[in-house]
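# Understanding the architecture of this molecule
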Amino acid sequence: MARILLAVLASLTMGAALAQGQISISTGGTGGVYYPVGGGYAELINKYVDGYTAVAEVTGASVENVALISRGESDIALALADTVLQAYTGTGALEGNQLKNLRSIGVAYSNSVQIVTLANSGIESLQDLAGKRVSVGAPGSGTEVSAQTILEANGLTYDDIQEQRLNFNETAAALRDGQVDAGFWSVGAPTSSILDLATGRDIVVLNLSDEEISNSLEAEPTFARYTLPADTYRGQNEPVNTVGTPNVLVVAAEMDEQLAYDFLDALYGHIDEIIAIHPSANETTAETSLDASPIPLHVGAIRYYEENGFTVPDRLRAD
């Protein structure tokens, strides 16, 4: 009952969790990278940010996360840059649902879109997904936003596939059990759910052709070319050409300025602790944040970067 009451109170006003000194960090499913990295962020807050405690929450990932932030039901979230930009502008898959109070405090690392099938599936290319059972990601996830963008940019729609909306662990289990033919992951590599799948099955990670990559980049400005290194997963002996997109650390404009500042100070000052959790955190730098943030920065983040000698581009300042 007490937990229910706290949840109700938290939903009454923007930032109620902050008033209590409790920070909710929205991540994703346990089979991805958001959850362990978000848990690392929570530990940084607990150890280095005075007056606050934090916990990482399992969620449906990017789309759900930006909504939670905008409503004041979460305080910090990880979300894919394409989802964040569409939410901030009310465009694309999130047309008509503009969330103008979203702000970035930085970029964590880049996801790569990994399209996985089994070696005996007969699927060798993106076009071979036509007519197949395909997991496009969990409901409310940035993976589905990215999957739909890539498919449509290359002449495929949900009418052409038998789409299923499964989270990473569910997708891996469904592939293992023959319940789907392929699945999309948009996640930092390597990720545990694919690693686990590859220990018991021979997997194939699909290459995107140069034309498919170009079509995808034209459709989504936050995409970039990405090469998944050889031997990222067992049996994946060659590099895989695909696209990637940054993961943004998202907060609400209403977040306390000093809290945003202090979190970044803890993050960059102790990034080795996050790298120890997952190597993707090697990409967590101020330079990357200022180059790849797709929406304006929070005022506390602007102050942090400027006081530490970085130039904040005008495009990252809210009007």
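### Regarding the pattern of salt bridges
- Evaluated as defined, the whole model comprises 10 salt bridges.
- Of the charged contacts, one joins Arg 71 and Glu 73 as a salt bridge, the two residues approaching to 3.1 Å between their closest N and O atoms.
- You can call Arg 71 partly exposed: its relative accessible area is 45%.
- According to the relative accessible area criterion, Glu 73 is partly exposed, its value standing at 38%.
- One network of salt bridges, in which partners are shared, links Glu 144, Glu 163 and Arg 165.

### A look at the packing of helix 7 (residues 168-176) against helix 8 (residues 192-200)
- One can describe the packing of helix 7 onto helix 8 by two numbers: an axis separation of 9 Å at closest approach and a directional angle of 15°. Accordingly, the angle class assigned to the pair helix 7 and helix 8 is roughly parallel. Of the two possible hands of crossing, helix 7 and helix 8 adopt the one that is right-handed. Where helix 7 abuts helix 8, its residues Phe 168, Asn 169, Ala 172, Leu 175 and Arg 176 lie against Ser 193, Asp 196 and Leu 197.
- Of the residues assigned to the contact of helix 7 with helix 8, the class counts are 4 nonpolar, 2 polar and 2 charged.

### Digging into the nonpolar core
- Counting residues in each nonpolar core, the largest one holds 61 residues, and the members touching the most others are Tyr 41 and Tyr 305.
- Element by element, the count of residues in this core is highest for helix 10 (residues 257-269), at 8 residues.
- Leaving out residues up to four positions away in the same chain, Tyr 41 has contacts with Ile 25, Leu 78, Ala 108, Leu 249, Phe 263, Leu 267 and Ile 274.
- Counting residues in each nonpolar core, the second largest holds 20 residues, with Ala 147, Ile 150, Leu 208 and Val 243 among its members.

### Some thoughts on unusual backbone geometry
- Here the bond from Ala 189 into Pro 190 is cis, since omega is -5°, no more than 30 degrees from zero.
- Turning to its location among the elements, Pro 190 is positioned in the loop between strand 7 (182-187) and helix 8.
- Positive phi outside glycine occurs at Ala 61, with the angle close to 85°.
- For Asp 231, which is not glycine, the phi torsion reads 70° and is therefore positive.
- Checked against the element boundaries, Asp 231 lands in the loop between strand 9 (224-228) and strand 10 (240-252).

### Considerations on the side chain of His 278
- For His 278, the position within the fold is in the loop between helix 11 (271-275) and helix 12 (286-292).
- Note on His 278: relative accessible area 8%, which makes it buried.
- Among all residues touching His 278, those that are not within four sequence positions of it are Val 33, Val 37, Gly 188, Ala 189 and Pro 190.

Here is what the cut-offs are and how they apply
The residue numbers shown here count from 1 along each chain, following its written sequence. A pLDDT threshold of at least 70 governs which residues receive local features in this predicted model, and a stricter bar of 80 or more applies before side-chain atom pairs are shown or counted, although totals over entire chains, interfaces and linings include all residues. As a convention, hydrogens and water are excluded, and side-chain values are obtained from all of the structure's heavy atoms. A pair is scored as a salt bridge if a Lys or Arg side-chain nitrogen falls within 4 Å of a carboxyl oxygen belonging to Asp or Glu. Exposure classes here rest on a 1.4 Å probe applied to the protein chains alone. A residue is buried below 20% of its type maximum, exposed above 50%, and partly exposed in between. Between N-to-C directions, angles cover 0 to 180 degrees, with each direction set by a line fitted to C-alpha atoms, over the stretch in contact for helices. A helix here means a DSSP run of H or I that spans at least four residues, while a strand means a run of E at least two residues long, and both kinds are numbered starting from the N terminus. An angle counts as roughly parallel when it lies under 35 degrees, as roughly antiparallel when it exceeds 145, as roughly perpendicular when it falls between 65 and 115, and as oblique in every other case. Throughout, a crossing is termed right-handed when the near helix is turned clockwise from the far one, and left-handed when it is turned anticlockwise from it by less than a right angle. By definition in these notes, contact holds between two residues if any of their heavy atoms fall within 4.5 Å. Three categories are distinguished: nonpolar for Ala, Val, Leu, Ile, Met, Phe, Trp, Tyr, Cys and Pro, charged for Asp, Glu, Lys and Arg, and polar for the others, with Gly belonging to the last. Here, nonpolar core refers to any group of buried Ala, Val, Leu, Ile, Met, Phe, Trp, Tyr and Cys residues whose side-chain atoms link them within 4.5 Å.

Function cannot be inferred from these measures alone, as they are strictly geometric.
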